[in-house]
Structures are given as structure tokens and as C-alpha cells.
Amino acid sequence: MSTYGSFPGSRPRRLRTTPAMRRMVAENRLHPSDLILPAFVREGISEPLAISAMPGVVQHTRDTLRKAAVEAVEAGVSGIMLFGVPADENKDARGTAGTEPDGILQVAIRDVKAEVGDDLVIMSDLCLDEYTDHGHCGVLDEHGRVDNDATLERYAEMAQVQADAGVHVVGPSGMMDGQVGVVRDALDETGHEDVSILAYTAKYTSAFYGPFREAVASSLQGDRKTYQQDPANARESLRELALDLEEGADMVMVKPAGPYLDILYRVAQSVDVPVAAYQISGEFAMIEAAAEKGWIERERAILETLLGIKRAGADTILTYWATEVAQWLRAER
């Protein structure tokens, strides 16, 4: 029995009594500026193409991408991460389309920059997998293995053409050893000192990438287990983190988000740079599918997962719901 009156003496429920009370004492809040919209733009199409496993997400035309960028700005979203999808006939073993000044991603960067300027942080995926006919994130050697150092040379070229196109942030995502340092040097040596690097620091090989393969029309043969991180490992992510920071990363990211909240927490507790997390295609697809079946409440589930990612330590979240959620949040104010 409490000595201070009726039992129980401490009643945490007092701080949950009304919506206003809950808002006042909330430890974490989502804001539109926390969100980054991943977007796909496909070469040679006249109408956007739906992605079957990702309801509401499309492969954009150049025109619809511009419109999506404007909508993101109007909703208060902070950034857009662009992925180029070349025509199949333009893929080759070295991912040449990824480094052509007029390749689809470079064209898309210029389009978005012309449309919204600096009102949206324009980010680009810096990887070869969309552009190679084998679907891997790098150049293959004579044994069919990804050649780390030959791939770094290609990443340096990609960094330069993306920066020349006007990107604000590059996101080297291939998980090659030394990729951040090589990209930083390439940017600095070509007069792009102001272009930032969002390092894909802890990118795990995951079953949840499935719908993304359709989104980028992947030609992947085999898997990426020799370069993406093993889901069994946690300490390894901190080793990758230390290397990326030493090599000059401005921001770091954990991908996927939901299945790796423990990694996200460790990373966020270890750094003094901004931390991002990518809520990937499979995470999106599961919620949309369950909501379509009527098994869960769609809006509540989306917000709960995003808040969990924020609570684990993410400063920014890449999510396919970015614009929609930002609109919800603004309507609540």
C-alpha cells in the first residue's frame, strides 16, 4: 500500500487521458521534413507504368516525375531519391548507361532540378545494378564475381556525371569496400565539393527487396550475398559505419528499416552525423496487401511503422508513402 494515499500512487495513465495530453507529452513526432520520396523514372515510356507489388507506386515518365517532385515540395517532403530505369537494350556488362551524360538518371536529375530547384534535396542512387545486363551492383571479373576495385572506378565516373547533372546528394548503394572514399575523391577532384554523400552504411541482403526488382526492371542473376551484409551480423554494421565516416560520409543509412531497428538504434547512438533509414519495397508491400485484405488499418499501420523508425533513431526516412504521409501530417496541424 502506498504511503501517499490510495494505491497505486503512480498513475502513468494520467498522461494518456486526451489527444491533447498525448500530443503534449509525445517523445517523438513525425514531420514532413523527416521524409524522403524514392522515385523511379523509366527511359522511353509515354505513360507511367504501375508496379504490381507496390500499389500506387509507378515507373515515372519524365513529365510525371516532374509532377511528383512538385507534389513532394508542396507537401513539405525534404528530399527525393531518384532511380533510373534504362531500356533493356541499353544495358550492358559495365552499366554504361549509368555514366552517360544523357543517361536516364542524369536526364531525370536535370529535369527535377529545373522544376523545383533547391526547394527539394535531389538525391541519386549511385549504383550499377539498374544498368547492367547481369543485374549486379558492379563489374564482373572473369569468374563472374563482382570485382570490387574495378567497380569503384565506375562509381567514380557515376559520381561525376550525377554531380554535373545538378544532384545535391549521391547515395552510393553497392556496398563495395572503399566506395565512399572513392566517390568523395571523385567529387572533390571535379569541383563538386558541395555535393554530399549519403552512405548506404548498413545495407543488408534481404528478402524484402523483392518488389524493388520489378520497380527497376532488374536483370539480376544470382544474389548479392557476397557484398551486402549478412542479416545474422550486427557488430559488422559498426565496422562499416566507422569506415564510411573515415572516408567522408556526410550522412549514413540503414537499409532495410523495419527488420533492422536494432541496427538503426546502434548506429544512431554512435554518430554525430544525420542518420537515415530506408523503409523498403517489401515493407511497403506487406502493409498495402494486409490493408487491402482488411486485416489492418492502413493509415495507422503506416504511421506506426514510420514512428517506430523515427523512435529507433532515424533523422530522415526514405519511404514510398512520403508525399501521402506528409499531406496527412500537414492536415493535422
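Summarised in this report is the structure supplied together with it.

Analysis parameters
Residues numbered from 1 in each chain as written. Predicted model: local features only at pLDDT ≥ 70, side-chain atom pairs only at ≥ 80, totals over all residues. Heavy atoms only, no water. Helix = DSSP H or I, 4+ residues; strand = E, 2+ residues; numbered from the N terminus. Buried < 20%, exposed > 50% of the residue type's maximum accessible area, 1.4 Å probe, protein only. Contact = heavy atoms within 4.5 Å. Pairing = 2+ DSSP bridges. Right-handed = clockwise from strand over helix to strand, strands pointing away. Salt bridge = Lys/Arg side-chain N within 4 Å of Asp/Glu carboxyl O. Axes fitted to C-alpha atoms, helices over the stretch in contact; angles between N-to-C directions. Nonpolar A, V, L, I, M, F, W, Y, C, P; charged D, E, K, R; others polar.

1. Re the environment of Ala159
Inspection of the secondary structure assignment puts Ala159 in helix α4 (residues 148-165). Judged by its relative accessible area of 0%, Ala159 falls in the buried class. Placed 16 residues apart in sequence, Ala159 and Met175 show a C-alpha to C-alpha distance of 15 Å. Those residues in contact with Ala159, other than ones at most four positions away along the chain, are Leu126, Val183, Ala186 and Leu187.

2. Observations regarding the pairing of strand β9 (residues 275-278)
The two faces of β9 match: Val275 and Ala277 on one face and Ala276 and Tyr278 on the other face are all buried. Here strand β8 (residues 251-255) pairs with β9 via 3 bridges, running parallel. Bridging across to β9, Val254 finds its partner in Ala277. Once the chain exits β8 it traverses helix α8 (residues 261-270) before rejoining the sheet at β9, and the crossover so formed is right-handed. Alignment of β9 against strand β10 (residues 316-318), held across 3 bridges, turns out to be parallel. Within β10, the residue paired with Ala277 across the bridge is Ile317.

3. Overview of the pattern of salt bridges
One pass over the structure, following the stated rule, counts 13 salt bridges. With a closest N to O distance of 2.5 Å, Asp63 and Arg66 form a salt bridge. Of this pair, Asp63 and Arg66 both sit in helix α2 (residues 62-75), 3 residues apart, which is roughly one turn of that helix. A relative accessible area of 48% places Asp63 in the partly exposed class.

4. Section: the packing of α8 against helix α10 (residues 298-312)
It is at 8 Å that the axes of α8 and α10 come closest, and there the two elements cross at 35°. Residue-level inspection shows Leu261, Leu264, Tyr265 and Ala268 of α8 in contact with α10, the latter providing Gly308, Ile309 and Ala312. Taken together, the residues of the contact of α8 with α10 sort by class into 6 nonpolar, 1 polar and no charged.

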